[in-house]
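# Working through the structure, step by step
The primary structure of each chain is shown beneath.
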Amino acid sequence: MSDPLDVTNMEKDGRLLAIRKLRAKLFRIQYAVAFVFSFLLLFTSGGFQLTPLYVPLESFIYFLLVMGLLFSVQTFVFNYLEMSLSRSQTAKHFMIRKAQKRTVGKALLSVGVLLLLITPAVIDGAEGLMSTDAGAVTVYAFYNKDVLGVSVVESITVSSSTDVEVYIITEQVYSNIQLTKTQLQANKLNTLFQVGPADGEVEIMLPPYQRENMYVIIMADEAFASANVALNTKVDPYMTTYVPVFAFIFALSYIGYAIWLVPRRIRFSREAMYS
């Protein structure tokens, strides 16, 4: 005589299978949406340009962080549903152990990123490595931002043993004007431009500008001269503002979820031993 059908367990198995199919479909759709919209943001965020190449990551990273947070919440929910509908205590135990290992790993990664981006010594060290000492120059060309917009030349430091004038101009201006004192003064980007031995090291701020090849030109009266120039580069503020905020949210979420799993792992481990 055959055993009677366990309708309740069959319903659970059916719902578990349906949830797994839904999870796979939903994640595939969202991965495709994230991929497409990420590239759209790269090209439509307002900063993208081909000459010189500039692909700003700010909007792109912000969107990926939001989508990552959404994926994490969905993963927590689907894991909970799968554990609730699984009939085997042993299966539940292994589900929780696997989920906990992944969660702890992601929490450690989030904490590492957070500490990296909020530690002043790390940021100062990175900015020091990105800064450049050009030495004694007459005409010096540089890009004010890197290709991805992560590092930005904030200012230049100039020192000279004689009285000189410092002009910062774009490549377009450099290619289309005569390099005379009058023309340079009319097209310069910097406000402070006079430097002498009595001033010591003078920091000249650069105005906000799209990625551009810029030129530093040193003159004394109407003749070219030389001065010591150093580029002071900083990490773009978005890397030290909202990226750490998201890293904190991720770390808090993963740590909280890992702690929430502890008593359930203990319970299902005991039940699996006696099942």
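Residues numbered from 1 in each chain as written. Predicted model: local features only at pLDDT ≥ 70, side-chain atom pairs only at ≥ 80, totals over all residues. Heavy atoms only, no water.

This paragraph deals with the pattern of salt bridges. For the structure shown, the criterion picks out 4 salt bridges. The closest approach of N and O atoms between Glu82 and Arg20, which form a salt bridge, is 3.9 Å. Here Arg20 lies in helix H1 (residues 7–44) and Glu82 lies in helix H2 (residues 58–85), a separation of 62 residues in the sequence. Take Glu82: its relative accessible area is 11%, and that puts it in the buried class. Here Arg20 falls in the partly exposed class, since its relative accessible area comes to 39%. Measuring nitrogen to oxygen at the nearest pair gives 3.2 Å for the salt bridge that ties Glu82 to Arg23. You can see Glu82 sitting in helix H2 and its partner Arg23 sitting in helix H1, a full 59 residues away along the chain. Considered together, Glu82 and Arg23 belong to a single accessibility category, that of buried residues. Among the charged side chains, a salt-bridge network with shared partners connects Arg20, Arg23 and Glu82. (Salt bridge = Lys/Arg side-chain N within 4 Å of Asp/Glu carboxyl O. Helix = DSSP H or I, 4+ residues; strand = E, 2+ residues; numbered from the N terminus. Buried < 20%, exposed > 50% of the residue type's maximum accessible area, 1.4 Å probe, protein only.)

On to the packing of aromatic side chains, then. Given two aromatic rings, their pairing is described by the distance between the two centres and the angle made by the two planes. Here the structure, examined in full by the defined rule, presents 16 aromatic pairs. Against the face of Tyr143 rests Arg211, its NZ or CZ located 4.1 Å from the ring centre. (Phe/Tyr/Trp six-rings, centres within 6.5 Å; stacked < 30°, edge-to-face > 60°. Lys NZ or Arg CZ within 6 Å of the ring centre and 35° of its normal.)

The strands making up a sheet associate through backbone hydrogen bonding, with each pair oriented either parallel or antiparallel. Taken together, the 4 strands give an open sheet; going across it, the order is E1-E9-E3-E6, and neighbouring strands pair in antiparallel fashion. With one partner strand each, in any of the chains shown, strand E1 (132–137) and strand E6 (202–205) form the two edges of the open sheet. Shown here is a sheet whose adjacent strand axes are inclined to one another by a mean of 25°, direction ignored. In terms of strand pairing, strand E3 (residues 151–159) meets strand E9 (residues 227–235) through 8 bridges, oriented antiparallel. Following the sheet pairing, Thr157 is matched in E9 by Ala230. Across the sheet, helix H4 (residues 120–130) lies against E1, E3 and E9, angled at about 140° from E9, the strand it touches most. (Pairing = 2+ DSSP bridges. Axes fitted to C-alpha atoms, helices over the stretch in contact; angles between N-to-C directions. Contact = heavy atoms within 4.5 Å.)

It is the contact of H2 with helix H3 (residues 89–118), at a shortest axis distance of 9 Å, that shows an interaxial angle of 165°. Overall, the two elements H2 and H3 adopt an arrangement that is roughly antiparallel. In this structure, H2 meets H3 at a crossing whose hand is left-handed. Facing Asn79, Glu82, Met83 and Ser84 of H2, the residues of H3 in contact are Lys92, Met95, Ile96 and Ala99. (Parallel < 35°, antiparallel > 145°, perpendicular 65-115°, else oblique. Left-handed = near helix turned anticlockwise from the far one by under 90°.)

Here we take up a nonpolar patch on the surface. A cluster of nonpolar side chains, contributed by Ile29, Val33, Phe35, Val36, Phe37, Phe39, Leu40 and Phe43, occupies part of the molecular surface with about 770 Å² of accessible area. The topology assignment puts Val36 in helix H1. Using a relative accessible area of 45% as the deciding quantity, one classes Val36 as partly exposed. (Patch = residues over 30% accessible without salt bridge, like charges linked within 9 Å, V, L, I, M, F, W, Y side chains within 5 Å. Areas by Shrake-Rupley, 256 points an atom, 1.4 Å probe, with all protein chains shown as cover.)

Ile61, Leu65, Tyr238 and Val243 are the most contacted members of the largest nonpolar core, which totals 24 residues. Contributing elements (two or more residues each) for this core: H2, H3 and helix H7 (242–274). Excluding residues that lie within four positions of it along the chain, Ile61 makes contacts with Tyr238 and Val243. Ranked by size, the runner-up nonpolar core spans 20 residues in total, among them Val137, Ile156, Val164 and Leu231. (Core = buried A, V, L, I, M, F, W, Y, C linked by side-chain atoms within 4.5 Å.)

Following the sequence through the fold, Arg211 ends up in the loop between E6 and strand E7 (213–220). This buried residue, Arg211, is left without a salt bridge; Asp146 holds the nearest opposite charge, at 6.1 Å. Looking at Arg211, its side chain comes within polar contact range of the main-chain oxygen of Lys145, at 2.8 Å. For Arg211, the side chain forms a polar contact with the main-chain oxygen of Asp146, separated by 3.5 Å. Contacts of Arg211, omitting those with residues within four sequence positions, involve Gln49, Pro52, Leu53, Tyr54, Tyr143, Asn144, Lys145, Asp146 and Val147. (Lys, Arg positive; Asp, Glu negative; His and termini not counted. Polar contact = N/O pair within 3.5 Å; in protein donor to acceptor, adjacent residues only side chain to side chain.)

Without other data, these values stay purely geometric and don't point to any function.
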